[in-house]
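Working through the structure, step by step
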Amino acid sequence: MKSREIQLPGRPCRSPLLLALLVLVLAYRCLEPAHAIENDAPPFDWEPTSSTRYIKVTSLSDSGKGTLRECVLAQGSRVCLFEVGGTIKLKSDIVVKYGNLFIAGQTAPSPGITLTQAGISIQAQNVEIQHLAIRPGDSTAGSSPGQRNAISVGGYEPRAAYNVSLRNMSLTWAVDENFSTWYQTTHDVWLQNSIIAEALNDSIHPKGPHSAGVLIGTDTKNVTLNGNLIAFNFDRNPYVEPGASAKFTNNLVYGWGTRGPWNICNLTNNFENLSPVIGAFIGNLWIPASFSYQQNSSIYAGIIAPTSQVYVHDNFGPGRPNDTYPDADITSLVDPSVLTTTCPFSSGCTADLSAADTESYVLTNAGSRPKQRSSIDKRIVSDVQNRAGSIKDCLS
């Protein structure tokens, strides 16, 4: 099993200041899973340059001097290092407009960094974020409820989001989606060892009930979710839209909604266009809660382009409870001819763990600061372990 310690990437430092910063990061290696799985290399290796700035975050205010927003809105290669820990109440999303950004949440003192009332919108390239909790919630303050995501990746042209690596995040209590990718200029996005949970259902979304876990939006390419806990989201566990390509490996999905198979993993082409879905699902585990819909298989498509390619191997869940069943039984596709036994990705279709080993790994290692979990993340993990818990409507 591969191991990658959390650290600031880069060359040996030559100055006392940089040495002190790297020592600070090394002090927080205890927050990293002991054996982090990596089915494929991250879409890029974030590297500093001779002009990289190491910017200290010294304030928990929404904006202004010493804030996270100030660091993110700066231009040029930069690393955000935290000298404070606690909650940042955002008045609006923090928008990443300029690339070459590394946010090192693991450098914050206890209890780490939590963002509330809004989230992060990534609209640039070469961005890596580690060890943040983002919990937008249902406060009347903050970003627009109809677009209140924890993390969204993508922006209108000419902006392009690519080479985005997100590791050990806790994404909960979004009103729109906990995690989403959008726009055809978005590609090579990687989310690993994170908790994506408790998207709020009957809350303040203008459309009404709208608990949504993971959306891989139309025409976004090469999105990888690996080693994540996805729990207590009514819908989109995940939803892969037409024209998108995604790998879904060694994830644990628990406690989806009650209405139908589209509440689980949905590949349905609701736009009725000819854009294919390209997907690979390996080593995943879908576990229904007592309230979850269970009458169909775990991976569903009511309408799907005939040129789609869906590869499945070693997944457990409704339709395929164990490995005595054929791999294809995990699917319920209107057109089963889109199933392929050949990996549709040039980088291959592998998983470091079997489906049988996925739950233990994910419950140990997912989320921000997994060895110093917040009470919120501890409760979510405990509910999954005990096959308890519920979908949340509101926080009050």
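Residues numbered from 1 in each chain as written. Predicted model: local features only at pLDDT ≥ 70, side-chain atom pairs only at ≥ 80, totals over all residues. Heavy atoms only, no water.

**Quick word on the environment of Leu90**
Here Leu90 shows up in the loop between strand S3 (86–89) and strand S4 (94–96). Remark: the alpha-carbon pair of Leu90 and Gly142, spanning 52 residues in sequence, is separated by 6.0 Å. Apart from residues lying up to four places away in sequence, Leu90 is in contact with Asp62, Arg69, Leu115, Thr116, Gln117, Ala118, Gly119 and Gly142. (Helix = DSSP H or I, 4+ residues; strand = E, 2+ residues; numbered from the N terminus. Contact = heavy atoms within 4.5 Å.)

**Some remarks on the environment of Leu339**
Structurally, Leu339 is set in the loop between strand S27 (331–333) and helix H3 (355–365). Here Leu339 falls in the partly exposed class, since its relative accessible area comes to 25%. Along the chain, Leu339 and Gly279 lie 60 residues apart, while their C-alpha atoms are 9.6 Å from each other. In this structure, Leu339 is in contact with Val310, Val312, Ala328, Thr331 and Leu333, ignoring residues within four places of it in sequence. (Buried < 20%, exposed > 50% of the residue type's maximum accessible area, 1.4 Å probe, protein only.)

**Brief notes about the environment of Thr364**
Mapped onto the elements of the fold, Thr364 is located in helix H3. Each C-alpha atom of the pair Thr364 and Val381 lies 8.7 Å from the other, and the pair is 17 residues apart in sequence. Discounting residues that sit within four places of it in the chain, Thr364 has contacts with Pro370 and Arg373. A polar contact of 2.9 Å, which involves the side chain of Thr364, links it to the backbone oxygen of Ser360. (Polar contact = N/O pair within 3.5 Å; in protein donor to acceptor, adjacent residues only side chain to side chain.)

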